[in-house]
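These are the residues of each chain, in order.
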Amino acid sequence: AESVVYDRNLWSNVKRSTCFCLIGVVSLAALVMIIIGLVLGPPNSHKPIEYIVSAPTSSSLPPSLPPSLSPTRSTTLHRIANSGYLRCGVSEDRPGLSFVNPETQQYEGLEVDLCRSIAAAIFGTFENRIDFISTTAKDRFQVLFDGDVDIIARTTTHTMERSISEPLTGAGFSFSIPYLYDGVGFGGDPFFVACVDNLLESVSFEEECGELKICVKGSTTHTSAVLGRMPDVTVVDANSTADLYYRFNEGLCNTIASESFDISELVVRTTGYSGNYTISRNVISKEPLAMVTLNDDAHWSDFVNWIIVGILQSEEQGITQSNALASAPRTDLFGPEFRLMFRDAIRAVGNYAEIYDRHLEQFVPRLPINEINDGNLPLLYSFPHGNLDSSVGDLTKSPTMAAVLDRGYLTCGV
């Protein structure tokens, strides 16, 4: 066997070098961990989250959150921001809500101002930052579904059916909190309006009431509301609000059925009608009107909803167009670039009362259901279902629904 002779000095040098290398590796690793710690900061579990609430401190608007807690970036919101303008689908013939002023050729109305508030929340101003696109009751959902607009603000009723499967597109849509609660009423020739009231109240029906003809806008919830209460009445379909008034003025119907602002006598008179006119004492449906977005981007829908809520709460808290610069709260929830979203929205168009007074009060005085609740009025409101007979497809295709059915029972946290 060969003998192996160890050089003690050599072995000592090897051990010393190895030790230095190990110390170097450990030191380098420690340095890396320190750098990572400085970048990421301490774990949230070791430090309580601090919520930043800007003035006024009594605000019940959602508090500001640190940027690290911002939700996933909304692809829609940032696409709009990068494009330089918001595309808003509106009507062009509904005074008080959204219409083109014939004198200025500019869009005006409550819904127009709501669109402007959202544009201002994104860009800081709505000037040259918004494209109003005229839509009809029939094509509004298709236009949104096709991506031709970013949002619909066109007296659209939030029904449960439309949230799941809107009949024309077959798609579900997202709705904001309602900005106006209304219902279908009737206006027209006093004799025939009395016929409507008698029908609805099961009072004796005059023989002459057989000539009752009601103009209703097609592709709306109004048609089903009218036929649901008066299935044997003659309904005349109108293609638009302008067509509704045209048919009424031409004598093709003697009564019109629509929301309160459409049947307002002041509005009807502006269309050229000069005959006797009155409004029914009955309202036959619920029409919670809301902004509509696609349901493929929850954070964009949330952004829109927060602006509507902010405009309502601003009235409650006394924040106005004139003092919004100093009083409106701030939030980083949608990212630091939108920190001033509430301030910019309210500074652009004012709070809800200011908007309503500017556009709708002259046509329809503000009803209690559209007032700010001070805690002494009822709050529960059941939304209309829509058409319960429509098919929305196989709900078992929902992963959650399929899991519940497969399990055989529902788990509920209580």
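Residues numbered from 1 in each chain as written. Predicted model: local features only at pLDDT ≥ 70, side-chain atom pairs only at ≥ 80, totals over all residues. Heavy atoms only, no water.

1. Details of the overall build of the protein
Here comes step 1: Helix and strand counts for the protein come out as 15 helices and 14 strands.
Here comes step 2: Buried residues in the protein amount to 43% of all 414 residues.
Here comes step 3: The long-range share in the protein, meaning contacts at least 24 apart out of those at least 6 apart in sequence, stands at 69%.
Here comes step 4: Of the roughly 22200 Å² of accessible surface on the protein, 56% is carried by carbon and sulfur atoms. (Helix = DSSP H or I, 4+ residues; strand = E, 2+ residues; numbered from the N terminus. Buried < 20%, exposed > 50% of the residue type's maximum accessible area, 1.4 Å probe, protein only. Contact = heavy atoms within 4.5 Å. Areas by Shrake-Rupley, 256 points an atom, 1.4 Å probe, with all protein chains shown as cover.)

2. Notes on the packing of aromatic side chains
Here a ring pair, both rings aromatic, is described through the centre-centre distance and the interplanar angle of the planes.
Here comes step 1: Scanning the entire structure with this criterion turns up 14 aromatic pairs.
Here comes step 2: With centroids separated by 5.0 Å and ring planes inclined at 55 degrees, the aromatic side chains of F141 and F173 adopt a geometry described as tilted. With F141 in helix α4 (residues 140-145) and F173 in strand β7 (residues 173-175), this pair connects stretches of sequence that are 32 residues apart. Judged on exposure class, the residue F141 and its partner F173 are both buried.
Here comes step 3: Each ring, one from W300 and one from F303, has its centre 6.1 Å from the other, and the planes form 15 degrees; the classification is stacked. Taken as a pair, W300 and F303 lie in helix α11 (residues 298-317) at a separation of three residues, close to a single helical turn. Of the two residues, W300 and F303, both sit in the buried class.
Here comes step 4: Grouping aromatic residues by their ring pairs yields a cluster made of W300, F303, W306, F334, F338 and F342. (Phe/Tyr/Trp six-rings, centres within 6.5 Å; stacked < 30°, edge-to-face > 60°.)

3. Here's the deal with the pattern of salt bridges
Here comes step 1: Inspection of the entire model under this criterion finds 16 salt bridges.
Here comes step 2: Between R94 and D262 there is a salt bridge, with its nearest N and O atoms 2.1 Å apart. Here D262 lies in helix α9 (residues 260-263) and R94 lies in strand β2 (residues 93-94), a separation of 168 residues in the sequence.
Here comes step 3: A relative accessible area of 3% means that D262 is categorised as buried.
Here comes step 4: We note a salt bridge from R281 to D197, for which the minimum N-O separation is 3.5 Å. (Salt bridge = Lys/Arg side-chain N within 4 Å of Asp/Glu carboxyl O.)

4. So, unusual backbone geometry
Here comes step 1: The backbone of Q105 shows a phi angle near 60 degrees, a positive value even though the residue is not glycine.
Here comes step 2: Structurally, Q105 is set in the loop between β3 (98-100) and β4 (107-108).
Here comes step 3: You will see that S219, though not glycine, has its phi angle at about 60 degrees, which is positive.
Here comes step 4: Of note, S219 is situated in the loop between β10 (213-217) and α7 (221-229).
Here comes step 5: Residue S219 is classed as partly exposed on the basis of its relative accessible area of 42%.

5. Describing the pairing of strand β9 (residues 185-188)
Here comes step 1: Residue alternation in β9 divides its side chains into two sets, G185 and G187 and F186 and G188, and both sets are buried.
Here comes step 2: Direction of pairing for β9 relative to strand β13 (residues 278-279): antiparallel, over a ladder of two bridges. Within β13, the residue paired with G188 across the bridge is T278. (Pairing = 2+ DSSP bridges.)

6. Details of the pairing of strand β11 (residues 234-238)
Here comes step 1: Pairing of β10 with β11 involves five bridges; the strand directions are parallel. From the neighbouring strand, C215 faces β11, where its bridge partner is V236.
Here comes step 2: In this region the chain leaves β10, passes through α7 and returns to the parallel neighbour β11; the handedness of that crossover is right-handed. (Right-handed = clockwise from strand over helix to strand, strands pointing away.)

7. Description of helix α3 (residues 110-123)
Think of an α-helix as turning once every 3.6 residues; residues three or four places apart then point the same way.
Here comes step 1: End to end, α3 covers 20 Å across 14 residues, agreeing with the expected 20 Å (1.5 Å per residue, within 8%).
Here comes step 2: With 14 of 14 residues buried, α3 lies mostly within the body of the structure.
Here comes step 3: A positive phi of about 90 degrees marks G124, the residue just after α3. (Expected span 1.5 Å × (residues − 1).)

8. Points about the sheet that holds β10
Here comes step 1: Ordered by their spatial adjacency, five strands build an open sheet running β11-β10-β12-β9-β13, and the pairing between neighbours is mixed. Strand pairing shows two members of the sheet lacking a second neighbour, β11 and β13, which therefore form its edges.
Here comes step 2: Sheet contacts for helix α6 (residues 190-200): β9, β10, β12 (255-258) and β13; angle to β9, the most-contacted strand, approximately 155 degrees. (Axes fitted to C-alpha atoms, helices over the stretch in contact; angles between N-to-C directions.)

9. Focus: the packing of α3 against helix α14 (residues 352-359)
Here comes step 1: Across the interface, α3 lies against α14 with an axial gap of 9 Å and an inter-helix angle of 145 degrees. Crossing of α3 against α14: the hand is right-handed. Contacts between α3 and α14 pair L110, D113 and L114 from the former with Y352, I355, Y356, R358 and H359 from the latter.
Here comes step 2: Tallied by class, residues from the contact of α3 with α14 come to five nonpolar, one polar and two charged. (Left-handed = near helix turned anticlockwise from the far one by under 90°. Nonpolar A, V, L, I, M, F, W, Y, C, P; charged D, E, K, R; others polar.)

10. Let's talk about the environment of R343
Here comes step 1: Following the sequence through the fold, R343 ends up in helix α13 (residues 341-349).
Here comes step 2: Spatially, the C-alpha atom of R343 lies 9.5 Å from that of G310, the residues being 33 residues apart in sequence.
Here comes step 3: Setting aside residues up to four positions removed in sequence, R343 forms contacts with A324, L325, A328 and P329.

On their own, these measurements won't tell you what the molecule is for.
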